[in-house]
Amino acid sequence: MLDSKVYKDLGLDDIRGRVEAGERLSIEDGERLLGCPSVLAVGALAHEARRRMHGDVAYYVVNQHINYSNLCVNSCRFCAFGRKQGDPLAFELTLDEILGKVKARSQDPITEVHMVGGCHPSLPLSFYEEAIQAIKALRPELRIKAFTAVEIAHFAGLEGITPRQVLLRLKAAGLDMLPGGGAEVFSPRIRGLLCPEKLSGQGWLDIARDAHELGIRTNATMLYGHIETARERLEHLDALRRLQDETRGLVCFIPLPFQPANTRVQDARPTTGVEDLKTMAVSRLMLDNVPHIKAYWVMLTVKLAQVALYFGADDFDGTVVEEKIGHMAGAESEQALTRTELERVIREGGFSPVERDCFFNEVKRG
Ligand code: SF4
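Read on for a plain summary of the structure.

Definitions and cut-offs
Residues numbered from 1 in each chain as written. Predicted model: local features only at pLDDT ≥ 70, side-chain atom pairs only at ≥ 80, totals over all residues. Heavy atoms only, no water. Helix = DSSP H or I, 4+ residues; strand = E, 2+ residues; numbered from the N terminus. Contact = heavy atoms within 4.5 Å. Near = heavy atom within 4 Å. 1 Å grid on protein atoms, 1.4 Å probe; cavity = no way out; pocket = protein on both sides within 12 Å on 5 of 7 lines; lining within 4 Å. Sits in = over half its atoms within 2 Å of the grid points. Nonpolar A, V, L, I, M, F, W, Y, C, P; charged D, E, K, R; others polar. Expected span 1.5 Å × (residues − 1). Buried < 20%, exposed > 50% of the residue type's maximum accessible area, 1.4 Å probe, protein only. Lys, Arg positive; Asp, Glu negative; His and termini not counted. Salt bridge = Lys/Arg side-chain N within 4 Å of Asp/Glu carboxyl O. Points joined across faces, edges and corners; volume = space filled by probe spheres on them. Axes fitted to C-alpha atoms, helices over the stretch in contact; angles between N-to-C directions. Parallel < 35°, antiparallel > 145°, perpendicular 65-115°, else oblique. Left-handed = near helix turned anticlockwise from the far one by under 90°.

Attention now moves to the environment of Ile 144. Here Ile 144 is to be found in strand 4 (residues 143–146). Residues within four places of Ile 144 in sequence aside, it is in contact with Val 113, Ile 132, Ile 135, Lys 136, Leu 175, Asp 176 and Met 177.

The following block contains the structure:
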């Protein structure tokens, strides 16, 4: 039970009442929470919502990230990953090299491969179909979560077909799920300033809707802490909430703090811990219909991600193994965690670790 007096003093007792009653919060409620000086009060509300949904369970996945290439036709200002041909930091894996990465982990009990890249200027859709088929042939038990909505739109443009047709082909090849990247902040103002060449926010939502209608579930992200306003963050969350009301296809939401190193966003500073925790908490509270909220330790650091389990997060992501996107932007976290390390962090945080697959089905090991 949350202390009503604390919330009365903060002028948030009506919101406390709505959270306790399980009622939906408005964008204005979200603005008041983001503006609240007490991160603990906001966190306690989110923890209440999180405990109601997941008790003391915190999920993790044994997964492997593969970035097939960072070549990208776009030039998003907040991105330290995408490169142009000829750049000394550009890379591109062949099919054999992708498979080599999967083979190298063949003794690990991985359940998910997470594979994304830039918008490569020329690779045909058949390359991605072959990659999925070859990974599945090698390890049929693996779930493949690959290609953001931005990549799907890009493949469609290169092939001259619709995103829906791309999704159908990739699904037939064995694609299980889409990750949540490329959503950034949906606001046309932000996209116009930071990533004008990229798929629009509405385009991202339309492709996620297409995927959901085709039975492909997706995650969703928000890149925050650059030039967006609190209102724009909340409108982003509300757009996802409305999509979820329609389709029920979103599995997990991942708030990603902007990492300014090596980017071209003027005057940007890294987010602070309190801002990260408050955004996590408000995400949990606003996204009442999205089952899971991820504390992505790669971006938050392991220590803050552990604390975030008390601020609305119920998922710790996974072992990851090799991470390039966040680390090229200056992420200070490790590149990989073992299952034992993940479980220890979760357990010592006061939660019960549960291994999951990409759909959050519990993985039982004999
Ligand atoms: S964010 Fe994605 S689309 Fe934009 S430049 Fe980076 S890799 Fe390319």
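Below, the discussion takes up the site of the ligand. What surrounds the ligand is the set Cys 72, Asn 74, Cys 76, Phe 78, Cys 79, Phe 81, Gly 118 and Lys 198. Of all the cavities here, the one that holds the ligand is the largest pocket. Each residue belonging to the shell around the ligand can be placed in one class, and the counts come to 5 nonpolar, 2 polar and 1 charged.

On to helix 4 (residues 39–54), then. A turn of α-helix holds 3.6 residues, and therefore any two residues three or four places apart point the same way. Along its 16 residues, helix 4 runs 21 Å from first to last C-alpha, staying within 8% of the 22 Å computed at 1.5 Å per residue. Residues of helix 4 that are buried in the fold lie against helix 1 (4–10), helix 2 (13–20), helix 3 (27–34), strand 1 (57–61), helix 12 (273–286) and strand 8 (292–293).

What follows covers helix 6 (residues 125–138). For helix 6, with 14 residues, the first-to-last C-alpha span of 20 Å sits near the 20 Å given by 1.5 Å per residue. The set of residues buried in helix 6 consists of Leu 125, Phe 127, Tyr 128, Glu 129, Ala 131, Ile 132, Ile 135 and Lys 136. In this fold, the buried residues of helix 6 make contact with helix 5 (95–104), strand 3 (112–116), strand 4, helix 7 (149–159) and helix 8 (163–173).

Relative to the assigned elements, Arg 191 resides in helix 9 (residues 188–194). Although Arg 191 lies buried, it forms no salt bridge, and the closest oppositely charged side chain, Glu 184, sits 5.5 Å away as judged by the N-O distance. Ignoring anything within four residues of it in the chain, the contact list for Arg 191 reads Gly 182, Ala 183, Glu 184, Val 185, Phe 186, Pro 196, Lys 198, Leu 199, Ser 200 and Gly 201.

So, on to empty space enclosed by the protein. Rolled over the atoms, a probe sized like a water molecule indicates the empty space that remains. Evaluated as defined, the whole model comprises 1 cavity of 30 Å³ or more. By volume, the largest cavity amounts to about 40 Å³. In terms of lining residues, the largest cavity is bounded by Val 61, Asn 63, Glu 112, Lys 145, Met 177, Asn 219, Lys 294, Asp 317, Arg 356, Cys 358 and Phe 360. In terms of residue class, the lining of the largest cavity is built from 4 nonpolar, 2 polar and 5 charged.

Orientation of helix 5 relative to helix 6, taken along the N-to-C sense of each, is 30°, at an axis distance of 10 Å. On the basis of their axis angle, the class for helix 5 and helix 6 is roughly parallel. Between helix 5 and helix 6 the crossing geometry is right-handed. Counting all contacts with helix 5, which are made through Leu 95, Ile 98, Leu 99, Val 102 and Lys 103, the residues of helix 6 involved are Phe 127, Glu 130, Ala 131, Ala 134, Ile 135 and Leu 138. A class-by-class count of the residues in the contact of helix 5 with helix 6 yields 9 nonpolar, no polar and 2 charged.

The analysis is restricted to geometry; functional conclusions fall outside its scope.
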